[in-house]
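Chain and residue survey
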Amino acid sequence: MATDVHRPVTTRRNAPAVRVEGLTRSFDGRAVIDDLRLDVRQGEFVALLGRSGCGKSTLLRILAGLDRDIEGTVLVPRRKAVAFQSPRLMPWKKVWRNVLLGLPGKPGRPVADQALEEVGLGHRADAWPKTLSGGEAQRASLARALVREPDLLLLDEPFGALDALTRIKAQRLVGELWQRRGCAVLLVTHDVEEAVLLADRVLVMDDGVIAHEQHIDLDRPRDITDPRFAELRAGLLERLGVDTAAEAA
Ligand SMILES: Nc1ncnc2c1ncn2[C@@H]1O[C@H](COP(=O)(O)OP(=O)(O)OP(=O)(O)O)[C@@H](O)[C@H]1O
Ligand SMILES: [Mg+2]
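Given the structure is predicted, the values throughout are model-derived calculations rather than measurements. (Residues numbered from 1 in each chain as written. Chains lettered and ligands numbered in written order. Predicted model: local features only at pLDDT ≥ 70, side-chain atom pairs only at ≥ 80, totals over all residues. Heavy atoms only, no water.)

1. A look at the overall build of the protein chain
In terms of helices and strands, the protein chain carries eight helices and nine strands. Out of the 249 residues belonging to the protein chain, those deemed buried represent 44%. Long-range pairs, those at least 24 residues apart, make up 67% of the contacts in the protein chain between residues at least 6 apart in sequence. Both charge centroids of the protein chain, one from 37 positive and one from 36 negative side chains, sit 9 Å from each other. (Helix = DSSP H or I, 4+ residues; strand = E, 2+ residues; numbered from the N terminus. Buried < 20%, exposed > 50% of the residue type's maximum accessible area, 1.4 Å probe, protein only. Contact = heavy atoms within 4.5 Å. Lys, Arg positive; Asp, Glu negative; His and termini not counted. Charge placed at Lys NZ, Arg CZ, Asp CG, Glu CD.)

Right, here's the structure in full:
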């Protein structure tokens with residue numbers, strides 16, 4: 001039987017999770033995002049780096065549907081969820097109620113409990129947010145994102161405020177959740193090592209566009225002592241304008 005290898009494949013299954021074309025966002029006449037193009041595959045883990053103020057959070061807010069004052073094309077999955085650097089929990093609602101906040105329909109408590117279990121916080125479901133540690137609050141915020149069963153998970157520096165050990169645990173958790181859920185992830189971070197550790201592809205944003213992309217073709221789980229890891233990390237730091245020789249000194 002003849003097989004037509006050139007048959008165009010345009011089913012929804014392999015449509016990209018994110019397609020952005022000609023995206024421009026200006027504040028007071030200044031284009032922070034300027035004719036930006038970005039594709040993210042279904043199930044792909046993408047990390048986004050860039051100097052402070054270059055427009056990473058602006059881009060994430062647009063993808064989350066929180067900012068629609070834009071020019072250009074932005075296609076994202078209907079089911080998406082976002083978690084920010086500060087967990088943004090409502091102090092007057094217990095943790096499990098926070099997890100269900102804003103969810104359509106009237107989901108029961110078991111939905112919240114299951115998501116909290118998944119992030120290792122089942123035992124704190126009845127706690128008040130102010131009694132959570134920083135790492136626990138961040139996990140509650142992740143649970144709140146997970147109950148939305150997102151096809152696209154948007155994370156804006158979710159580990160930025162955590163201490164080193166908690167941060168490593170949270171990174172591991174996000175890696176596991178991503179592998180289990182199979183959703184696409186866009187992670188904004190300032191931590192190059194975190195980007196290389198987790199992502200399939202690392203993007204560097206500059207001058208309102210994606211100025212550089214680096215595929216990370218290292219096996220998982222990744223070993224930060226692997227010389228190729230160090231090479232990728234150094235290459236990205238250079239792109240970001242960090243002098244790695246001075247850093248090592
Ligand atoms: N609502 C707003 N009104 C005016 N200017 C804004 C607004 N939101 C963002 N900006 C400006 O757009 C630029 C990009 O901001 P953005 O928050 O996207 O940066 P970022 O890359 O996320 O920075 P950081 O790494 O510090 O979080 C900044 O100069 C910021 O001041
Ligand atoms: Mg930001």
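2. Observations concerning the site of ligand 1
Around ligand 1 there are 13 residues in total, and S52, G53, K56, T58 and H190 lie nearest to it. Within the backbone of G55, an N or O atom sits 3.0 Å from an oxygen atom of ligand 1. H190 is positioned such that a nitrogen or oxygen atom in its side chain is 2.8 Å from an oxygen atom of ligand 1. Within the complex, 60% of the 640 Å² of free accessible area of ligand 1 lies under protein. (Near = heavy atom within 4 Å. Polar contact = N/O pair within 3.5 Å; in protein donor to acceptor, adjacent residues only side chain to side chain. Areas by Shrake-Rupley, 256 points an atom, 1.4 Å probe, with all protein chains shown as cover.)

3. Description of unusual backbone geometry
Omega for the peptide link from R220 to P221 comes to -5°, which places this bond in the cis form. Within the fold, P221 resides in the loop between β9 (209-215) and α7 (227-239). Phi at R88 takes a positive value of approximately 55°, unusual for a residue other than glycine. Its location among the elements puts R88 in the loop between β5 (80-83) and α2 (95-100). Of note, the phi angle at E149 is positive, near 45°, even though the residue is not glycine.

4. Considerations on the sheet that holds strand β8 (residues 201-206)
In spatial order, the strands read β5-β6-β7-β3-β8-β9; together these six strands make up an open sheet with mixed pairing. Edge positions in the sheet fall to β5 and β9, since each of these pairs with one other strand and no more. For this sheet the average axis-to-axis angle between neighbouring strands, irrespective of direction, equals 20°. Summarising the sheet, strand β3 (residues 45-49) and strand β7 (residues 184-188) pair through four bridges and their orientation is parallel. (Pairing = 2+ DSSP bridges. Axes fitted to C-alpha atoms, helices over the stretch in contact; angles between N-to-C directions.)

5. Structural notes on the pairing of strand β2 (residues 30-40)
Two strands pair when backbone bridges link them, and strand β1 (residues 18-27) and β2 are joined in this way by eight bridges, in the antiparallel orientation. Looking at β2, one finds that V18 is bridged to V40. Between the antiparallel neighbours β1 and β2 lie two residues, among them D28 with a positive phi of about 50°.

6. Overview of the sheet that holds β1
Spatial strand order, β2-β1-β4: three strands in an open sheet with antiparallel pairing. If you trace the sheet from one side to the other, it starts and ends with β2 and β4 (71-75), each paired once. Strand-to-strand, the axes of this sheet are offset by a mean angle of 25°, without reference to chain direction.

7. Quick look at the pattern of salt bridges
If you walk through the whole model with that rule in mind, you get 19 salt bridges. Note that R201 and E44 form a salt bridge whose closest N and O atoms lie 2.8 Å from each other. In this pair, R201 is assigned in strand β8 and E44 in the loop between β2 and β3, connecting sequence segments 157 residues apart. The two residues R201 and E44 agree in class, both being buried. R167 serves as the salt-bridge partner of D191, at 3.2 Å between the closest nitrogen and oxygen. Linking D191 in the loop between β7 and α6 (192-198) with R167 in helix α5 (residues 164-181), this pair joins segments that are 24 residues apart in sequence. (Salt bridge = Lys/Arg side-chain N within 4 Å of Asp/Glu carboxyl O.)

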